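The residues making up each chain are set out below.
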Amino acid sequence: MTASWQPTASFETLRFRAGLLADIRRFFADRGVLEVETPLLASAPVTDPRLASFSTVFRGPGAPTGQTRFLQTSPEFAMKRLLAAGSGPIFQISKAFRDGEAGRRHNPEFTLLEWYRPGFDHHRLMDEMDELLGGVLATPPAERLTYREAFLRHVGLDPLVAPVADLQAAARTALGSVPELGEDRDGWLDLLVSLVVEPHLGHGRPTYLTDYPASQAALARLRPDDPRVAERFEVYVEGIELANGFHELGDAAEQRRRFVGDLTLRAAEGLPEVPLDEALLAALAAGLPPCAGVALGFDRLVMVARGARELAEVMAFPWARA
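Residues numbered from 1 in each chain as written. Predicted model: local features only at pLDDT ≥ 70, side-chain atom pairs only at ≥ 80, totals over all residues. Heavy atoms only, no water.

1. Considerations on the overall build of the protein chain
Next up, step 1: Regarding its fold elements, the protein chain presents 9 helices and 12 strands.
Next up, step 2: Over its C-alpha atoms the protein chain spans a radius of gyration of 20 Å, differing by no more than 12% from the 20 Å that the globule rule assigns to 322 residues.
Next up, step 3: Judged by the C-alpha coordinates and their principal axes, the protein chain covers about 55 × 45 × 40 Å.
Next up, step 4: Of the contacts made within the protein chain by residues no fewer than 6 positions apart, 67% connect residues no fewer than 24 positions apart.
Next up, step 5: By element, 53% of the accessible surface of the protein chain is carried by carbon and sulfur atoms, the whole surface being about 15,200 Å².
Next up, step 6: Counting 34 positive and 44 negative side-chain charges, the protein chain places the averaged centre of each group 3 Å from the other. (Helix = DSSP H or I, 4+ residues; strand = E, 2+ residues; numbered from the N terminus. Rg over C-alpha atoms; globule rule 2.2 N^0.38 Å. Contact = heavy atoms within 4.5 Å. Areas by Shrake-Rupley, 256 points an atom, 1.4 Å probe, with all protein chains shown as cover. Lys, Arg positive; Asp, Glu negative; His and termini not counted. Charge placed at Lys NZ, Arg CZ, Asp CG, Glu CD.)

2. Remarks on the pairing of strand β12 (residues 291-297)
Next up, step 1: Within β12, 7 of the 7 residues are buried, which leaves it mostly tucked inside the rest of the structure.
Next up, step 2: Here β12 shows a buried face lined by C291, G293, A295 and G297 and a second buried face lined by A292, V294 and L296.
Next up, step 3: Of the pairings in the sheet, the one linking strand β6 (residues 109-118) to β12 comprises 7 bridges and is antiparallel in character. Note that in β12 the partner of W115 across the bridge is V294.
Next up, step 4: Alignment of strand β11 (residues 240-247) against β12, held across 5 bridges, turns out to be antiparallel. Bridging from a neighbouring strand, A243 pairs with L296 of β12. (Buried < 20%, exposed > 50% of the residue type's maximum accessible area, 1.4 Å probe, protein only. Pairing = 2+ DSSP bridges.)

3. Section: helix α3 (residues 122-137)
Next up, step 1: With 16 residues, α3 should reach 22 Å at 1.5 Å per residue; the first-to-last C-alpha distance of 21 Å fits that figure.
Next up, step 2: Along α3, the residues classified as buried are H122, L125, M126, E128, M129, D130, L132, L133, V136 and L137.
Next up, step 3: Between a side-chain oxygen at the N-terminus of α3 and the backbone nitrogen of H123 the separation is 3.1 Å; the capping residue is D121. (Expected span 1.5 Å × (residues − 1). Polar contact = N/O pair within 3.5 Å; in protein donor to acceptor, adjacent residues only side chain to side chain.)

4. Side note on the sheet that holds strand β4 (residues 67-71)
Next up, step 1: Across the sheet, which stays open at both edges, the 3 strands sit in the order β2-β4-β3 with antiparallel pairing between neighbours. Of all strands in the sheet, those with a lone pairing partner are β2 (41-42) and β3 (55-58), marking the two edges.
Next up, step 2: Two elements, β2 and β4, share 2 bridges in a ladder whose sense is antiparallel. If you follow A42 over to β4, its bridge partner there is F70.

5. Focus: the packing of helix α7 (residues 252-268) against helix α8 (residues 278-287)
Next up, step 1: Packing of α7 against α8 leaves a shortest axis separation of 8 Å and a crossing angle of 155°. Classified by the angle their axes make, α7 and α8 are roughly antiparallel. Note on element contacts: α8 touches α7 through E278, L280, L281, L284 and A285, opposite A252, Q255, R256 and F259.
Next up, step 2: Looking at the contact of α7 with α8, its residues break down into 6 nonpolar, 1 polar and 2 charged. (Axes fitted to C-alpha atoms, helices over the stretch in contact; angles between N-to-C directions. Parallel < 35°, antiparallel > 145°, perpendicular 65-115°, else oblique. Nonpolar A, V, L, I, M, F, W, Y, C, P; charged D, E, K, R; others polar.)

6. Brief notes about the pattern of salt bridges
Next up, step 1: The tally for this structure, following the rule as stated, stands at 20 salt bridges.
Next up, step 2: A salt bridge links D225 to R223; the shortest N-O distance between them is 2.7 Å.
Next up, step 3: The class for D225 is exposed, based on a relative accessible area of 57%.
Next up, step 4: Residues R232 and E234 are paired through a salt bridge, measuring 2.7 Å at the closest nitrogen-oxygen approach.
Next up, step 5: Classification of R232 by relative accessible area gives buried; the value is 10%.
Next up, step 6: Through salt bridges with shared partners, one network takes in E76, K80 and E248. (Salt bridge = Lys/Arg side-chain N within 4 Å of Asp/Glu carboxyl O.)

Taken by themselves, the reported measurements are silent on function.
Put into structure tokens, the structure is as follows:
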């Protein structure tokens, strides 16, 4: 057992991690994708009720009464401002922070690889993700399943039409003891996907789960030919979620409507009130180029590549030793 001041990851693992970062940077440099840096501390956090941001107060010159800043859960909003300003294709390897998330596959401070491709839709971005994973993990081309197909296969229900009572019953049958989620349809869907569907995904080759319910669109477009679902995908390897991608929503009015809906949910759940990111909304109004983007958990990628069981094995100083 190592002393509490020592790193949890071996130096062999840390060298592997550094090599993987170098490989990723070469991957994007070879494709003409610009590496960027955006603020970790910003004036507005995400509104998503399922994500909690750390906050701090700046008390320096120009802010005599203090200004609250939020550690970002993702660099997405600032990167979209760059895209709207004409950056072209961009990527970032950034620290991100999420309160309340700690465990075998979660650390409150973690590393994200996020990139955006103007002119791509989510299908073309999945093709590029295949190239990246094939290069760094030597995986074969991925299986692609819709959310509905995976749910029917592993739960036996159609997630787009099944009544909440049927989702509750399926969760209790599969899991026994379950949290009380009431009439929260997306809560039951998330529970079933996380604990019943995900363990079956990504074995032998990655799995891309596509066409999420429209209620879980977040910052993705809805499919024009089927507005019940969003142009969103997630990537799984060995039952572990690695990435979340969107055919990005560029409609400022629709994005504001979704943000306001999030604030309503936050208030109903007794969560802290947060400001809207008006800079992002202004950027969308000015014109976000048609694009697709994806955020990939780099620590999880290293964990899978090394065959590790938990993030602490591939991080120098995880939360417990930070």
